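Examining the three-dimensional arrangement
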Amino acid sequence: MENVQDALGALVLMSGLVVIVYIIARYTYLVKKAMIENGLAIPTKSKRLMFIDMGCILGGIGLGLLVSSMFSVMDLDENTTDLLVWGTILIFGAVGMVLAQFLRNKFGDQG
């Protein structure tokens, strides 16, 4: 009975994620369509800036994973280790996002 409940829970969770992604994609499509119909310019995102954003964010998360691996070899309580690992990953991911925003502001008018 637990396997059925686990499977049902996973199905509900995945279905919810699919519905959320669909709603966001549909809303974005409708907004862009309405902007085109009204003659408004759609801000285009430069591929260079997109790659800078992705690189900074993924680099920050990777650096967070690297730093958090130090906590897994320490002799700490399991809850403390989990907290430190996830906290480190989130903090370095946020630093990557801030760096991406800084680079976007610095090089945004050139791309």
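The rules behind these values
- All chains use their own residue numbering, which begins from 1 and follows the written sequence.
- Since the coordinates come from a predicted model, pLDDT governs what is reported: local features require at least 70, and pairs of side-chain atoms require 80 or more to be given and counted, while whole-chain, interface and lining totals use all residues.
- To get the side-chain values, all heavy atoms of the structure are used, and hydrogens and water are removed first.
- The term salt bridge refers to a pairing of a side-chain nitrogen on Lys or Arg with a carboxyl oxygen on Asp or Glu at a separation within 4 Å.
- Counting from the N terminus, the helices are DSSP H or I runs at least four residues long and the strands are E runs at least two residues long.
- When a residue's accessible area, from a 1.4 Å probe over protein chains only, is under 20% of the maximum for its type it is buried; when over 50% it is exposed; and in between it is partly exposed.
- One fewer than the residue count of a helix, multiplied by 1.5 Å, yields its expected span.
- Contacts are assigned to residue pairs with any non-hydrogen atoms lying within 4.5 Å of each other.
- To define axes, lines are fitted to C-alpha atoms, for helices over the stretch in contact only, and angles between the resulting N-to-C directions are given on a 0 to 180 degree scale.
- Roughly parallel here means an angle under 35 degrees, roughly antiparallel means over 145, roughly perpendicular means 65 to 115, and every remaining angle is called oblique.
- By convention the crossing between two helices is left-handed if the near helix lies anticlockwise of the far one by an angle smaller than a right angle, and right-handed if it lies clockwise.
- Only Asp, Glu, Lys and Arg are considered charged, only Ala, Val, Leu, Ile, Met, Phe, Trp, Tyr, Cys and Pro nonpolar, and every remaining residue, Gly among them, polar.
- As a per-residue measure, pLDDT reflects the predictor's confidence and takes values from 0 up to 100.
- Surface patches are drawn from residues lacking salt bridges whose relative accessible area is over 30%; two like charges belong together within 9 Å, two nonpolar side chains (Val, Leu, Ile, Met, Phe, Trp, Tyr) within 5 Å.
- Here the accessible surface of atoms and residues is derived via Shrake-Rupley with a 1.4 Å probe, and residues count as covered only by protein chains that are part of the display.
- Here a polar contact means two N or O atoms within 3.5 Å. Within protein one must be a hydrogen donor candidate and the other an acceptor candidate, and residues neighboring in sequence count only if both atoms are side-chain atoms.

**Digging into the pattern of salt bridges**
- This model, assessed by the stated rule, comprises one salt bridge.
- R104 is paired through a salt bridge with D53; the nearest N and O atoms lie 2.6 Å apart. One end of the pair, R104, is in helix α3 (residues 78-107); the other, D53, is in helix α2 (residues 47-73), and 51 residues separate them in sequence.
- Judged by relative accessible area, which is 23%, R104 ranks as partly exposed.

**A look at α3**
- Under the 1.5 Å per step criterion, the end-to-end length of α3 is 43 Å for 30 residues, consistent within 8% with the ideal 44 Å.
- Those residues of α3 that fall on the buried side of the exposure criterion are T81, V85, T88, I89, G93, G96, A100 and L103.
- Each element contacted by the buried residues of α3 is listed here: α2.

**Structural notes on the side chain of S68**
- Position of S68 among the secondary structure elements: in helix α2.
- Residue contacts for S68: discarding those within four places in its chain leaves V85, T88 and I89.

**Describing the packing of α2 against α3**
- Where α2 meets α3, the axes come as close as 7 Å, and the angle between the chain directions of the two elements is 155 degrees. Between α2 and α3, the angle falls in the class roughly antiparallel. In the packing of α2 onto α3, the handedness of the crossing is right-handed.
- Its residues assigned to classes, the contact of α2 with α3 comprises 18 nonpolar, eight polar and three charged.

**Details of the confidence of the model for the protein**
- When pLDDT is averaged along the protein, the result is 85; 90% of the residues meet or exceed 70.
- Considering each helix and strand of the protein separately, the mean pLDDT is smallest for α2, with a value of 86, and largest for α3, with 89.

**Points about a nonpolar patch on the surface**
- Judged by side-chain polarity, F51, M54, L58, I61 and L65 come together as a nonpolar surface patch covering roughly 490 Å² of accessible area.
- On the secondary structure map, L65 appears in helix α2.
- A relative accessible area of 47% places L65 in the partly exposed class.

**As for the side chain of T88**
- By secondary structure assignment, the location of T88 is in helix α3.
- Here the side chain of T88 touches L84 through a polar contact of 2.6 Å, landing on its backbone oxygen.

**A few points about α2**
- Relative to the 39 Å expected for 27 residues at 1.5 Å per residue, α2 spans 39 Å between its end C-alpha atoms, a close match to the ideal helical length.
- Where α2 is concerned, the buried positions are L49, D53, C56, G60, G64, S68 and F71.
- Buried residues along α2 sit against α3.

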